[in-house]
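Chain by chain, the residues run as shown.
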Amino acid sequence: MADITHWADVIADEVLEKGKRHLVATGITPSGHIHIGNMREVVTADVAYRALVDKGAEAEFIYIADTYDPLRKVYPFLDESYEEHVGKPLSEIPCPCGKHDDYAEHFLEPFLAALDHLGIHPRVYRADELYKDGAYVEAIKQSLVRKDEIAAILKKRSGKTPASTWSPFNPICNKCGKVNTTVVTGFDIDSETVDYECSCGDSGTVPMKGGGKLTWRVDWPARWKALGVTVEPFGKDHASRGGSYDTGQAIAKEIFGYEAPHPIIYEWIMLGKKGAMSSSTGVVVSISDMLKVVPPEVLRYLIIRTKPEKHIRFDPALPLLTLVDEFERLHSSDKATSYDKRMIELSHAAGLCHTDIPFKHMTTIYQVAAGDFDRIMNIVKRAGYDTSNEKCIRELVDNVGNWLEMYAPDNARFSVQEELPVSTATLNDLQRAFLKSFSQILDKSGEMSGEDYHNLVYSAKETDSEMNRMMADSMGVSTEELEVKPKDLFKAIYISVLGQSSGPKAGWFLSSLEKDFIVKRFREAAEYRP
RNA sequence: GGGCUCGUAGCUCAGUCAGGCAGAGCGUCUGGCUUUUAACCAGACGGCCUAGGGUUCAAAUCCCUACGAGCCCGCCA
């Protein structure tokens, strides 16, 4: 089989045939909690951008927040008092929590933080600022002048006839502040103003600069031209014939004289077994929820490994652990193909921190330490991991803690019992003799590694070992009579420490506990008589 | 009704653009590792590539049709 080229590189090659300078754009409307589908868009854009840069293109990456879009309705998470704001641009509505400058910023701020977390650093534009700075004025003029042509394009492509009062430009009413209740009654190209009537009864004049916005289907192509967008990913919803890319393409070419950007169409992300993610059906995982449990690199990997046009199935329970494992294995594998390496490279991105501690190991460490960060660090240090980047480790610890709490299946959970578990009563004489001997040997020895612990357990069945002799003595039998099954010994360890009959790999597990604790616990367990 | 995308092992998916022996990981099973596993190593099992036609020396791959899944054609990104 020929070498497989990663889709991002395929896209970059296609795009490079059109030219060497590129502007990769992405954008969404911060009207509510920004969900995971949007994350795919941004990661997709970032990867395309990186692939372009890697191939020597002069590329830039921008993110446009559609802060000037009107609020469509009072969403379930909003207070009823927002009724009066429906129809106003998001940037002109008060913040729901009062801590941000405006409504748009309230949802934008955590999203931008998430982007940073993922190692994605586009230049950020806010649509309201672009409008207020006059970036759209030229496009607004052209659109108003050639309104009928645009309407004809919309009709031809989408089959829908725009209303007679339709205008590509929606003024913001001076009185009620709404942008979707006004009708254009005239305009003046020289003074750059637009006249309107509003359903609230007001009428007046607004400047083209910051006095209103272009309707979406015109706004998009206008933006391409104004900013020079050449590559843009968008959801498949825009992609069909008669959709906004289709009309945008025509408007860009025929009205603004601009070639539409290279499209990257992506599919939705499905959640577990519940189906497509959609806000209307309530099947939603917000980005912040996602980042609570998934290390950023793995989230990137999840998106990067699948071609944009295929849907992604995301299951935050055990399959997540598999995904993390797969990523980490690929990361350290010497069998990785060039394709694998490329995926790892793209998952990495600048600005992400990485620790060499496997996620799965951390699930054990975390539970051994009962989530206490100082104790976790001690264990990590003892296990010989790199602890220089405490911030990264803390991120991993947070992910693991949240995962255990929110999604982990029961068999992945355990807790070291503070007190001797009552189930210790079920231990038999051999198991007690083992724990007693183990405790004594450990008491007089130095620090032991996971492997030391492992070997010590197995030494119990060797007739010439110290452990074997001590157990025989303790039980009052000869070493020949002693019949040891390691399985029972491991069971004794788990029961006395966790109160359950199985647990994480024992040697390694014991080495992450305090030695003194083990000595004491095993002695107590050996002596315990109900 | 019209359009777009997808359909490959039990699961998640590569491979389709550029036709050339049907692939990976996970799971399962077997064996091994000083027989604990949720760790590691080796191997095995696992397929009508959704179905039916067509083109071709040769089709998972290209063309047509059907079926299934998701989405769009509402100024809703």
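Residues numbered from 1 in each chain as written. Chains lettered and ligands numbered in written order. Predicted model: local features only at pLDDT ≥ 70, side-chain atom pairs only at ≥ 80, totals over all residues. Heavy atoms only, no water.

Attention now goes to the overall build of chain A. A tally of regular secondary structure across chain A gives 21 helices and 13 strands. Expected size for 530 residues packed as a compact globule is a radius of gyration near 24 Å; at 31 Å, chain A overshoots this value by more than 25%. Taken along the three principal axes of its C-alpha coordinates, chain A extends 105 × 60 × 40 Å. A buried classification covers 52% of the 530 residues belonging to chain A. A separation threshold of at least 6 residues defines the contact pool for chain A, and within that pool the share at least 24 residues apart is 69%. For chain A, the exposed area adds up to about 24,700 Å²; of that, 47% sits on carbon and sulfur atoms. Once the 63 positive and 79 negative side-chain charges of chain A are each reduced to a mean point, those two points are 4 Å apart. (Helix = DSSP H or I, 4+ residues; strand = E, 2+ residues; numbered from the N terminus. Rg over C-alpha atoms; globule rule 2.2 N^0.38 Å. Buried < 20%, exposed > 50% of the residue type's maximum accessible area, 1.4 Å probe, protein only. Contact = heavy atoms within 4.5 Å. Areas by Shrake-Rupley, 256 points an atom, 1.4 Å probe, with all protein chains shown as cover. Lys, Arg positive; Asp, Glu negative; His and termini not counted. Charge placed at Lys NZ, Arg CZ, Asp CG, Glu CD.)

Our focus in this paragraph is the pairing of strand 6 (residues 193-198). As judged from the six bridges shared by strand 5 (residues 182-188) and strand 6, these two strands associate in the antiparallel manner. When the bridges of strand 6 are listed, valine 184 appears paired with tyrosine 196. Where strand 5 folds back onto strand 6 in an antiparallel hairpin, the turn is made up of four residues, including glutamate 192, whose phi is positive at roughly 55°. The turn linking strand 6 back onto strand 7 (residues 203-207) is made up of four residues, and glycine 201 within it adopts a positive phi angle of 105°. (Pairing = 2+ DSSP bridges.)

Taken together, 42 residues form the shell around RNA strand B, and within it Arg329, Lys360, Tyr458, Lys461 and Lys505 come nearest. A breakdown of the atoms of RNA strand B within 4 Å of the protein gives sugar and phosphate a share of 61%. Here a sugar or linking oxygen of RNA strand B and a backbone polar atom of glutamate 309 are 3.1 Å apart. Going through the elements one at a time, strand 1 (21-28), helix 11 (318-332), helix 17 (450-459) and helix 19 (486-498) are the ones with two or more residues in the surface near RNA strand B. At three residues, the largest contribution of residues to the surface near RNA strand B is made by helix 11. Tallied by class, the residues present in the surface near RNA strand B amount to twelve nonpolar, twelve polar and 18 charged. (Near = heavy atom within 4 Å. Polar contact = N/O pair within 3.5 Å; in protein donor to acceptor, adjacent residues only side chain to side chain. Nonpolar A, V, L, I, M, F, W, Y, C, P; charged D, E, K, R; others polar.)

Before going further, it helps to examine the sheet that holds strand 5. One open sheet accounts for three strands, arranged 5-6-7; its pairing is antiparallel. Single-partner strands in this sheet number two, and they are strand 5 and strand 7. Strand-to-strand, the axes of this sheet are offset by a mean angle of 30°, without reference to chain direction. Relative to strand 7, strand 6 is paired through five bridges, and the arrangement is antiparallel. Each residue of the ladder has a partner; that of valine 194, found in strand 7, is valine 206. (Axes fitted to C-alpha atoms, helices over the stretch in contact; angles between N-to-C directions.)

Once that is clear, we can look at the pattern of salt bridges. On inspection of all chains with the given rule, the structure shows 25 salt bridges. Here aspartate 219 makes a salt bridge to lysine 213, at a shortest N to O gap of 3.9 Å. The same class applies to aspartate 219 and to lysine 213, which are both buried. Several salt bridges share partner residues, and in doing so they unite Asp66, Asp69, Lys213, Asp219 and Arg223 into one network. (Salt bridge = Lys/Arg side-chain N within 4 Å of Asp/Glu carboxyl O.)

For the rest of this paragraph, the subject is helix 17. Note that an α-helix has 3.6 residues per turn; residues three or four places apart therefore point the same way. Every buried residue of helix 17 is accounted for by Gly450, Tyr453, Leu456, Val457 and Ser459. Where helix 17 is buried, its residues touch helix 16 (429-444), helix 18 (466-475), helix 19, helix 20 (506-511) and helix 21 (515-527).

Relative to strand 3 (residues 123-126), strand 2 (residues 58-65) is paired through four bridges, and the arrangement is parallel. Following the sheet pairing, tyrosine 63 is matched in strand 3 by valine 124. Remark: the strand 2/helix 3 (residues 103-117)/strand 3 crossover connection has right-handed handedness. (Right-handed = clockwise from strand over helix to strand, strands pointing away.)

Moving on: the domain arrangement of chain A. Each assigned domain of chain A is listed here: domain 1 (7-136 + 215-266), domain 2 (359-412) and domain 3 (422-527). Just the C-alpha atoms count here: the centres of domain 1 and domain 3 sit 61 Å apart. (Domains from an automatic or database assignment.)

What follows deals with the packing of helix 16 against helix 19. Two quantities define a packed helix pair, namely the angle between the axes and the distance from one axis to the other. One way to put it is that helix 16 packs onto helix 19 with a least axis distance of 9 Å and a crossing angle of 70°. It follows from the interaxial angle that helix 16 and helix 19 lie roughly perpendicular. Counting all contacts with helix 16, which are made through Leu430, Gln431, Phe434 and Leu435, the residues of helix 19 involved are Asp488, Leu489, Lys491, Ala492, Ile493 and Ser496. Residue composition of the contact of helix 16 with helix 19, grouped by class: six nonpolar, two polar and two charged. (Parallel < 35°, antiparallel > 145°, perpendicular 65-115°, else oblique.)

Summed over all chains, the structure comprises 22 aromatic pairs. Centre to centre, the rings of tryptophan 220 and phenylalanine 234 are 5.2 Å apart; their planes meet at 85°, and the pair counts as edge-to-face. Linking tryptophan 220 in helix 7 (residues 216-227) with phenylalanine 234 in strand 9 (residues 231-235), this pair joins segments that are 14 residues apart in sequence. Looking at tryptophan 220, the relative accessible area reads 1%, which means it is buried. On the basis of relative accessible area, phenylalanine 234 is assigned to the buried category, the value being 2%. Plain terms: the ring middles of phenylalanine 359 and tryptophan 403 are 6.1 Å apart, the flat faces sit at 75° to each other, and that makes the pair edge-to-face. Separated by 44 residues along the polypeptide, phenylalanine 359 in helix 13 (residues 359-368) and tryptophan 403 in helix 15 (residues 390-406) bring together distant segments of the chain. For phenylalanine 359, a relative accessible area of 0% translates into the label buried. (Phe/Tyr/Trp six-rings, centres within 6.5 Å; stacked < 30°, edge-to-face > 60°.)

Moving on to the state of the cysteines. In the structure shown here, the tally under the stated rule is zero disulfides. Free of any disulfide, cysteine 173 has its nearest cysteine sulfur in cysteine 200, 3.7 Å distant. Left unpaired, cysteine 198 is separated from the closest cysteine sulfur, that of cysteine 200, by 3.5 Å. Taking relative accessible area as the criterion, cysteine 198 reaches 8% and is therefore assigned buried. (Disulfide = S-S within 2.5 Å.)

Among the nonpolar cores identified, the biggest contains 113 residues, and Met39, Met362, Phe434, Phe438 and Met471 are the most heavily contacted of them. Counting residues in each nonpolar core, the second largest holds 43 residues, with Ile64, Ile140, Leu154 and Val218 among its members. (Core = buried A, V, L, I, M, F, W, Y, C linked by side-chain atoms within 4.5 Å.)

What follows concerns the environment of serine 338. Considering the arrangement of structural elements, one finds serine 338 in helix 12 (residues 338-348). For the pair serine 338 and threonine 5, spaced 333 residues apart in the sequence, the C-alpha separation amounts to 8.9 Å.

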